Amino acid sequence: MLFSIMSGRRIHSVLVGLLCLVIASAICCSSSVGTSSILCLESERHALLRFKQGLVDESNALASWKSEKDCCKWRGIACNNQTGHVITLNLCIFCDDYMYAATPLIGEIDPSLLELRHLNHLDLSFNDFGGMIPKFIGSLSQLKELKLAQANFSGSVPPQLGNLSNLHTLDLSWNEFLSSENIEWLSHLSSLRYLNMSGVDLSKVVNWPQSLSKLTSLIELQLSWCRLPDVNLRSLSFINSSTSLQVLDLSQNSLINSSIFHWIANVSNNFVHIQLSDNDLQGPIPAHVFTSMVSLVSLDLSGNLLEGGMAKAFQNLCSLESLVLASNQFSENIQDSLETLSCAENTLESLDLSDNWFWGSFPELTGFSKLRELRLHDNTLNRSIPESVGQLSSLEHLDLSGNSLNAVITEAHFLNLSSLKHLDVSNNTALSINLSSDWNPPFQLDTLGMSSCKVGPAFPKWIQMQRNLTRLSLDNASISDSLPSNFWDLFSGLEELDLSRNKIHGRLPDLPSFPPGLITLYLSNNMFSGSLSSLCATQAPQLNFLDLSENLLSGELPNCWMSFQLLDILYLGKNKLSGKLPSSLGHLEAISVLGLHSNNFSGELPSLKNCARLTILDLGNNNLSGKIPSWINQNLKYLRALRLRSNMFNGIIPFSMCGLTTIHVLDLSQNNISGALPHCFNNILALADDATYDIMNVELVWKGIEIEFGENLQFLRSIDISSNYLVGEIPENITSMLKLNSLNLSRNNLTGKLPENFGNLKKLESLDLSRNQISGRIPTSFSSLNFLEVLDVSHNHLSGEIPLGTQLQTFNASAYMGNLGLCGPPLTPNCSGDGTTQVDDNKEHDNDGIISLGFFISTVLGFITGFWVVCGSLVLKSSWRYAYFKFLDDSRDWVYVKAVVYKAKMQKRLQR
């Protein structure tokens, strides 16, 4: 009975449960049907279509925006499932794959967006709207996220954005011409948690710290590259400061005042990431700043002027994973620095102390078991490297280059570095790599740098086992071996290779087997031989930089340069190449530096008029002939250095050369050029600026010595047309070339007088006009050439007196010799009326201005003063008088004894 009753109850319970389940399913189904039937509101659909009409959509990114479709299904639109209101408008074309478009949207933001009264999220980033941010956006009161990053907005940020009281995310970053003079409106955004205004000009917002301190809910603040004004923050009140701020980026603002550290210390104790790189912060890091930041995970203070050692407050950073102090002026024993970080031994993954003045031995790092990146390059570390570095099994990136390490690297240093991908120990000249030929490294590197270390003489076999290399730098590594015949097969993934400044011999590795991704190839200053004929079979479409200079290469250049359309720098100088220059060189449209000097090339120049990007053209020291082509000026508008010296060019200097307004160096010396200097020559160098450009070493005769210029070439202004057959006068307007540093017109047939205003060339350091037929006087303005270090006007027909000046009399007489009518120091003592040497005793003694009444008066007064200073002291001070006469007596006795001894020695010698 009891059992039957219980069974009945169970059946009843089951039935009730089933009934409830049916009812719930019915409700859910009806709800689902209702939801699926909800479409976006017609007014909001029309508003979006009007917004679309104001845009240029070249990529057809808004193809789904059509009037006959439900706008909730349009690309970039999201609606509320219950009401159908548009709540999200996301047109950020580069933010994800779903919205990606090849071309950004262009146009204006239509006020029709005000119809979207329930809009929560608006993202128009990475488009091109131009103009100002519309003020009406401040009326979209339901907005929680507003992202307008990199959308080409300009003008002032509208303060109406301060009306968006529900906003928790605001991103206005990287709108290049956007600015704000007052950001007090930010204080009304009490719910703001994320603010990014990086790249917005805030240079006039002097109260930025006070305004930001009022954002009590802020979690992340990004103000990089805002030109924030440098203000003293020590006296600010931090009553309303945010204790929730975790991420702070104030990098690249040129902040100098270290009081920013005090502001940071008071703003929040909950920082996780701090970025203050590339400012001008000076002095030591205040000791108390990071004491309480126990949650700090990453800290970047690189690119400042900070000095001293690591702050003692770093001792509390037990959660630290990344520390970047690169490019400062820290100076401390590196072992002491690492001990400061002992609390972070179990967390630190990345440490960058590069480009400072840390010194001492390589530190002991075995405790930092999670360390993945260690950058200590460009310091003053010396002595040895402990073998314990080989125990850092997590290490992926190790850069010790640019130190003074004196050690022998063995297998033990790499014992457990199985994760190592990047290794650079370059520029440690006392560092020797002593690894056995059969060593099998535990790693496969992506990049390897051992430049200026002792790696050779053999090309290491262990390097040949590194099959994943993309960059290999072994220049100046004492290698005097030949390369393996299958070199390119071993390193098929190479993008950068530098084997320059060694003694590698034999033929070049098989050129047709170039790695397809090779970008830069440096093989200069070696002993490679053979020809370049196989270059035409090379498949290296990415090749950008090719330097085979200073080798023993011979034969003609192949005529297939049209295959290297990305080649930017080609340097084949100082080889034994010969023949005519191939016409295909003119197809190198990307070339900026072409160096073919010091070979045996002959014939005329092929047209390079399509090489419009050329900045340096060096064809000196060859046997090229013909006239200087007019296309040099007409097409090479960016030419900075033109070197055609020591060839056989003839004819006149074309009038078109006057258009080389960007030229820094013009060297046409040692050719067969005739005619006169163009009277428009002053246009050359007149507009040349100090802009940086690609530099390869260029040899110039500077101050009479052949010197190889590198980066300093961009600051030089030089003209050398010496050893030609120029005639006529030096144009007067040449003196308007105010930036000129060196001028050499020697060994020509120039005539006439020197321009009177030569002294205008105040930056002139070297001037050689020797061995011409220039006549007349040296202009008095020459005395204004205060920077002149080299001068030669010898072997001309100059006459008259050499002008007096601070520089002109310091040169050797040989600088003026061979001018029969020239006189005056340093050539002759003085000048007579007819230009001959004259000695006049009366003038010399009576009118030289030295022996005068004033001279006698000063002499008498000096004698009286000196006499009484000495003698008066002896009369008045008895102790001084006693000491003085005692000194005289002792001196007389010393002289007498020395004389007697010397006399006795001489007598003994004579007796022998």
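Parameters and conventions
- Residues numbered from 1 in each chain as written.
- Predicted model: local features only at pLDDT ≥ 70, side-chain atom pairs only at ≥ 80, totals over all residues.
- Heavy atoms only, no water.
- Helix = DSSP H or I, 4+ residues; strand = E, 2+ residues; numbered from the N terminus.
- Contact = heavy atoms within 4.5 Å.
- Areas by Shrake-Rupley, 256 points an atom, 1.4 Å probe, with all protein chains shown as cover.
- pLDDT = per-residue confidence, 0-100.
- Pairing = 2+ DSSP bridges.
- Buried < 20%, exposed > 50% of the residue type's maximum accessible area, 1.4 Å probe, protein only.

Further remarks concern the overall build of the protein. Helix and strand content of the protein: 11 helices and 56 strands. Long-range pairs, those at least 24 residues apart, make up 58% of the contacts in the protein between residues at least 6 apart in sequence. Of the roughly 42,500 Å² that the protein leaves accessible, carbon and sulfur atoms contribute 53%.

With that out of the way, let us pick up the confidence of the model for the protein. Looking at the protein, pLDDT values average 85 and 83% of them are 70 or higher. Residue range residues 835–851 is modelled with pLDDT below 50. Its contacts to residues more than four positions away, or to other chains, number 13 contacts.

This brings us to the sheet that holds strand 39 (residues 600–603). Reading across the sheet, the 10 strands line up as 31-33-35-37-39-41-43-45-49-51 and stay open at both edges, with parallel pairing between neighbours. The outermost strands of the open sheet, each flanked by one partner alone, are strand 31 (505–507) and strand 51 (749–750). Direction of pairing for strand 45 (residues 672–676) relative to strand 49 (residues 725–728): parallel, over a ladder of 3 bridges. Considered in strand 49, the bridge of Gly675 is made with Leu726.

One ladder, built from 3 bridges, connects strand 37 (residues 576–580) with strand 39; its direction is parallel. Its bridge partner being in strand 39, Gly579 is matched across the sheet by Phe601. Across 2 bridges, the pairing between strand 39 and strand 41 (residues 623–627) is parallel. Across the sheet, the residue bridging to Ser602 is Asn623, located in strand 41.

Residues other than glycine predominantly adopt negative phi, and peptide bonds predominantly adopt the trans conformation. Of the consecutive residues Gly456 and Pro457, the connecting peptide bond is found in the cis state with omega at 15°. Following the sequence through the fold, Pro457 ends up in the loop between strand 28 (447–449) and helix 6 (461–464). The omega angle of the peptide bond from Pro825 to Pro826 is 5°, so this bond is cis rather than trans. By the secondary structure assignment, Pro826 is in the loop between strand 56 (821–823) and helix 9 (841–846). In this model, Phe126 sits at a positive phi of 60°, which is unusual for a non-glycine residue. Here Phe126 is to be found in the loop between strand 5 (121–123) and strand 6 (145–147). For Phe126, a relative accessible area of 27% gives the class partly exposed.

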